Structures are given as C-alpha cells and as structure tokens.
Amino acid sequence: MDHTVAIVGRPNVGKSALFNALAGRDISLVFDRPGTTRDRMVTSARWDGHRFTLIDTGGIGLEDRDTFGDEIAHEVELALTAATEIIFVVDAREGITPLDQTVARMLRKSQRPVFIAANKVDSDKQANLDAEFSRLGFKGVFPVSAAHRRGLEQLRSAVTKDWGAPEPHDESAAKPKRPTRLAIVGRPNVGKSSLINALINSPRAIVSEVAGTTRDAVDIAYEWKGEPFLFIDTAGMRQERRVSDELERAMTGRTAHAINRADVCILVIDASTGVTMQDKKIAGLIQDCYAPCIIAVNKWDIAREQGDASKSREREYYEQVTRDIFFLSYAPVLFLSAKSGERIDGLLKTCATIAKNRTFRFQTGPLNRVISRAMEKYAPPLVRGRRFKVLYAAQQTPKDNTREIPTLQLFVNSPTLLTPAYERYLDLQLREAFDLKGCPLKFVMRGRTTEGRDKTRSQVERHHPQAQRRAPKRETKR
C-alpha cells in the first residue's frame, strides 16, 4: 500500500519546520509569520525502509489579509483527501486553542488515523506540556521539537507501526527515470503559477492578481508523453532595493536556489510590459548558473485582443527580447498565453528537446575540426603581442551531483589571451555546427605547461596530421 502523510494544523505552529525535519532536508520555507505556506508542498520521504509521500499544508483558519484563506483551505482539503495518515501539529507552549479544537473536529470527519505532534517542546522540563492535548481524543500525543529534532523517532514509529514490514529493496530492479526539473522564474505577477496550471491542465498552484501570491518554491510532478517533469513554481523576484520585508528576502533566496537546482529554467516575461531591468537581472542569475533556459513571453493573448499579434509584430518583439537579453542568446523565445492555453504544448516540446540537448556528446574529431576552421576563418585578436591558440579540445565528463551541460575542455597556449568577444564567436560557431538549442556551452581552459606540452602536441598531431611542430632554432656560429 502506498502511504501519504499530511501535516496539518493552525497557522504558525511549526508545520513547515516539522515537514523539513521528517523529510530530512530543507524543502519548505520556514519563517516566523502566520501564512508563510500557501500552496501544498509535496515530497517523497523514507523512514526505516518505508517509502511514502509527505505533504506540508497551509494553516487552517488563517485570516489572510490578501484573501487567500479559501484557496489555502481548499489545498488543505485536497491534502486530507489524499492522505492515509495525518500528523496534527499543535503548539505545546500555548496549549489547546479554540482553533485547535476546530481543526480537530475537521480531522475526525476525515476518518484517517491522526497523530498529534505537540511541537516546540525544546527540553525535558517541557515534556509534560503535551498532556492536555490527549483530551482531543486521537491515537497519541508526541512531544517534539522540529527546530531541535527532538522526539521525531517516537512519532515516526507510531505513524509506521501498522504499515507492516517494508518491501525489500530490489537492487536489480530498474530505477525510475529521473524527472527533468523545470524552474518557472520571473518578476511578480507575470503569470508563473498560471503557466504551471496551464501546463498540467489543473489548478494546482494558487493564482491571484496580488503580487507575491507564491511564497515558496513549490515542486509539482507531471508526466507528458511518457516524459517525467518536475515543475518548480517560484516566488516572483523584485528589485533588491525594493525588498524591505525579511520574508520576501527569504523568498528571493529560495527562488535563486531553485534556479541553481533546475535542469531547465523558464524565464517568464510579461508581453504587456516588455523586458524590464529586473527581467535582465533574473536572466543574469540564470547565466551565472550556466542553466539551460527558455524565454516565455506570456500574456500574448492581450496583444492578440489588441490586434497587435501579427507575424511582423511577433518578429519585432522577438528581436527586441534578444537584444535586451543578448547574453542568453542560446535561449529560444516562445510566445504563449497561460490564460488561453495558446502554444502551451510547444513549450513542453521545447523543454523536452533542451533536456535531451543537455546530454549532447561531441565527437572529438569533428569538434576539433570545427574549432580549427573557425580560427582559420577569423583569427583571434592580438593580446600583448600574442594570439590565443586552441591546441586540442575534448568534452569534459560531468561531475556527480551537478547539473549536466555541454562542457568543453580546451588545451590552449594561454587562457589569458582569450577575449570575451572571441569566446562568444567560438560559441556561435559551435552552435552552428552542433544542435545545442537552449543549452549554455561552458569552456574550461587548461594552459600549456612543460609537463603537458608533449601530450598536447601528440594529441593535436593525431587528430590533425597537417599540424607540425615548430622547427628548432638553428645554432648560430660564432
């Protein structure tokens, strides 16, 4: 039986902290403010050999100033429907509150096993604070401290007690295909959550015209034509000088982390406003992380309603976007509408193509021939009286636990002689010869040393027979 454990409770009792503690890693954003979590957070976890799904929810009964109370309650209801076990989190220091009793009545109707986690019991002196919660009439009360990882083993044992023996792990069994992680990033209110809902054809993420609706990076699993994807809905990133709230600062940090762990980033731009300075800054973060990318121009339906979505106008807009974000020249630009669903399938198709291109393998011979022809066609500029030379190029093997992108190791005479303009030129020449759509190309330079000189020359001669060593200087007779 597949088990799903939902964590519920009133606002600000430490549900997200307990979610992270039970999952064994920091997934959900933790902040000392009611209503920090709005969307459901879902992850896979493992306890004592048991594999199951763990769900974090927003606070029940939250009076949200941005009127998200109904949406949060709906997300909680969905979590309770999917759950096979429920962990009801309460604040041991505050005792039972009227809202706790309201939540308890709701949980009794769910007909699911409920375990009370009396949180914030940080020492043995406070261990008796959980006693009064036994009056709520559930299976057991477990004093825990999510912040200090206290009491978690007892809670885990109680939840898994009736699960039986864990299924033996079959080493020979084929591992499920790793999903492609897609981070949806952009400024606030450009339609990131709406885009995810359109992609999965389900109202999974909370959508509102209020900027900052999404506060955490929310992972949403989806399968398209047999290809597994994991969408990461992120909080909108505002200009740093406009961020004065500590929660928003934490949200921005989570978005930056999502960019770093994504396989492909989808940078969403509002068609009605065009490329702004903040869009460029977010694009700069993507470039710094060497992340594969798609630029999605959303709300193109507005341009269509205004009669300004002709092919010529689309071409002009495309050229403007590529000029403004020239440093992401490898990123394809797609025009779509999350609201109407226009060209949504094209976005997923492009994501699948880029995911495939990330693992592109260069053949060493053709790679070196393309670089040689490029350097013959346009010689590198003189730098301090010397020219940059590529003696040999080969693809670098990707490191474990890192994002895989095409990475070339270039054996050169001196890395300091390569100018940024000539590096861009080599990048463009390689892209014309090989299909690297949507992927950055990373160069790793290795300067020629006395130890490696002969090795480098032999490799060049083997792959380029026409290359010859420099003739030795003649000795002059005195």
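Here we summarise the structure given alongside this text. Worth saying up front: this structure is predicted, and the values here are computed from it rather than measured.

Rules behind the numbers
The residue numbering used here restarts from 1 in each chain and proceeds along that chain's sequence as written. With the structure being a predicted model, the display of local features is reserved for residues of pLDDT at least 70 and the display and counting of side-chain atom pairs for 80 or more, all residues being used for whole-chain, interface and lining totals. Computation of side-chain values covers all heavy atoms of the structure but excludes hydrogens and water. Each residue is assigned to one of three classes by its accessible area relative to the maximum for its type, calculated with a 1.4 Å probe on protein chains only: buried under 20%, partly exposed between the two thresholds, exposed over 50%. By the criteria applied, helices consist of DSSP H or I runs no shorter than four residues and strands consist of E runs no shorter than two, each listed in order from the N terminus. The rule for pairing is simple: two strands pair if DSSP sees at least two bridges between them. Patch definition: residues above 30% relative accessible area lacking any salt bridge, with like charges linked at up to 9 Å and the nonpolar side chains Val, Leu, Ile, Met, Phe, Trp and Tyr linked at up to 5 Å. Computed by Shrake-Rupley with a 1.4 Å probe, the accessible areas treat only the displayed protein chains as cover when residues are assessed. A pair is scored as a salt bridge if a Lys or Arg side-chain nitrogen falls within 4 Å of a carboxyl oxygen belonging to Asp or Glu. Counting rule applied: Lys, Arg positive; Asp, Glu negative; His and chain ends not counted. Throughout, a charge is located at the NZ atom of Lys, the CZ atom of Arg, the CG atom of Asp or the CD atom of Glu. Angles shown run from 0 to 180 degrees and are taken between the N-to-C directions of axes, each axis being a line fitted to C-alpha atoms and, for helices, limited to the stretch in contact. Two residues form a contact once any of their heavy atoms are found within 4.5 Å. If an angle is under 35 degrees, it is roughly parallel; if it is over 145, roughly antiparallel; if it lies from 65 to 115, roughly perpendicular; otherwise it is oblique. The classification used treats Ala, Val, Leu, Ile, Met, Phe, Trp, Tyr, Cys and Pro as nonpolar, Asp, Glu, Lys and Arg as charged, and all other residues, Gly among them, as polar. Take the buried Ala, Val, Leu, Ile, Met, Phe, Trp, Tyr and Cys residues and link them wherever side-chain atoms come within 4.5 Å; each set so joined is a nonpolar core. Only the six-membered ring of Trp is used, alongside the rings of Phe and Tyr, when aromatic pairs are assigned; centres must lie within 6.5 Å, and planes under 30 degrees apart are stacked while those over 60 apart are edge-to-face, with the rest tilted.

### Points about the pairing of strand E9 (residues 227-233)
No. 1: Across the 7 residues that make up E9, a large majority, 6, are buried.
No. 2: Across 5 bridges, the pairing between strand E7 (residues 180-186) and E9 is parallel. Residue pairing in the sheet places Thr180 in a bridge with Phe229 of E9.

### Section: a positive patch on the surface
No. 1: Taken together, the side chains of Arg384, Arg386, Lys389 and Arg448 present a region of like positive charge at the surface.
No. 2: Within the secondary structure, Arg386 is located in strand E14 (residues 386-387).

### Some details on the sheet that holds strand E6 (residues 141-143)
No. 1: Within the open sheet, the 6 strands sit side by side as E2-E3-E1-E4-E5-E6. Their pairing is mixed. Edge positions in the open sheet fall to strand E2 (41-47) and E6, since each of these has one partner strand only. Within the sheet, the average angular offset between the axes of one strand and its neighbour, ignoring direction, is 25°.
No. 2: The sheet contacts of helix H1 (residues 15-23) involve strand E1 (3-9), E2, strand E3 (50-56), strand E4 (85-91) and strand E5 (114-119), and relative to E3 the element is tilted by about 165°.
No. 3: Of the strands in this sheet, E1, E4 and E5 are in contact with helix H3 (residues 98-110), which crosses E4 at around 175°.

### A short note on the packing of helix H5 (residues 192-200) against helix H10 (residues 344-357)
Two quantities define a packed helix pair, namely the angle between the axes and the distance from one axis to the other.
No. 1: The interhelical angle for the contact between H5 and H10, taken along N-to-C directions, is 85°, at an axis separation of 9 Å. Taken together, the axis directions place H5 and H10 in an arrangement best described as roughly perpendicular. Residues Leu195, Ala198 and Leu199 of H5 pack against Ile344, Leu347 and Leu348 of H10.
No. 2: Class assignment for the residues of the contact of H5 with H10 results in 6 nonpolar, no polar and no charged.

### Digging into the pattern of salt bridges
No. 1: For the structure on display, the rule yields 14 salt bridges.
No. 2: For Asp91, the salt bridge identified is with Lys120, shortest N-O distance 3.1 Å. Placement of Asp91 in strand E4 and of Lys120 in the loop between E5 and E6 is noted, with a sequence separation of 29 residues between them.
No. 3: Between Asp263 and Arg181 there is a salt bridge, with the nearest N and O atoms lying 4.0 Å from each other. With a gap of 82 residues between them, Asp263 in the loop between helix H6 (246-261) and strand E10 (264-270) and Arg181 in strand E7 connect regions that are remote in the sequence.
No. 4: The exposure class assigned to Asp263 is buried, which follows from its relative accessible area of 2%.

### Overview of the nonpolar core
In globular proteins that are soluble, nonpolar side chains generally tend to be buried together.
No. 1: Judged by nonpolar contacts, the single largest core of 29 residues is most densely connected at Leu267, Ile286, Cys293, Ile295, Ile325 and Leu328.
No. 2: Listing elements by their share of this core, those giving two or more residues are E7, H6, E10, helix H7 (277-288), strand E11 (293-298), helix H8 (300-305), helix H9 (311-324) and strand E12 (333-335).
No. 3: Here Ile286 is in contact with Val185, Ile259, Cys265, Leu267, Ala291, Cys293, Leu328 and Tyr330, once residues within four sequence places are set aside.

### Describing the pairing of E7
No. 1: For E7, the tally of buried residues reaches 6 of 7 residues, placing the bulk of the element in the interior.
No. 2: As paired elements, E7 and E10 share 5 bridges and run parallel to each other. Each bridged residue has a counterpart across the sheet, and for Ile184 the counterpart in E10 is Ile266.

### Re the sheet that holds strand E16 (residues 407-412)
No. 1: Strand order across the open sheet formed by 3 strands is E15-E16-E17, with mixed pairing between neighbours. The sheet is open, and its two edges are formed by strand E15 (390-395) and strand E17 (442-447), each paired on a single side. On average, adjacent strands in this sheet sit at an angle of 25° to one another, irrespective of strand direction.
No. 2: One ladder, built from 5 bridges, connects E15 with E16; its direction is antiparallel. Note that in E16 the partner of Tyr392 across the bridge is Phe411.
No. 3: The strands touched by helix H11 (residues 364-377) are E15 and E16; relative to E15, the strand with the most contacts, the crossing angle is about 140°.

### Quick look at the packing of aromatic side chains
No. 1: Inspection of every chain in the model, using the stated rule, returns 16 aromatic pairs.
No. 2: An angle of 80° between the planes, with centres 5.4 Å apart, marks the rings of Phe326 and Phe327 as edge-to-face.
No. 3: With relative accessibility at 21%, the residue Phe327 sits in the partly exposed group.
No. 4: Between Tyr378 and Tyr425 the ring centres are 5.1 Å apart and the planes differ by 80°, which places this aromatic pair in the edge-to-face class.

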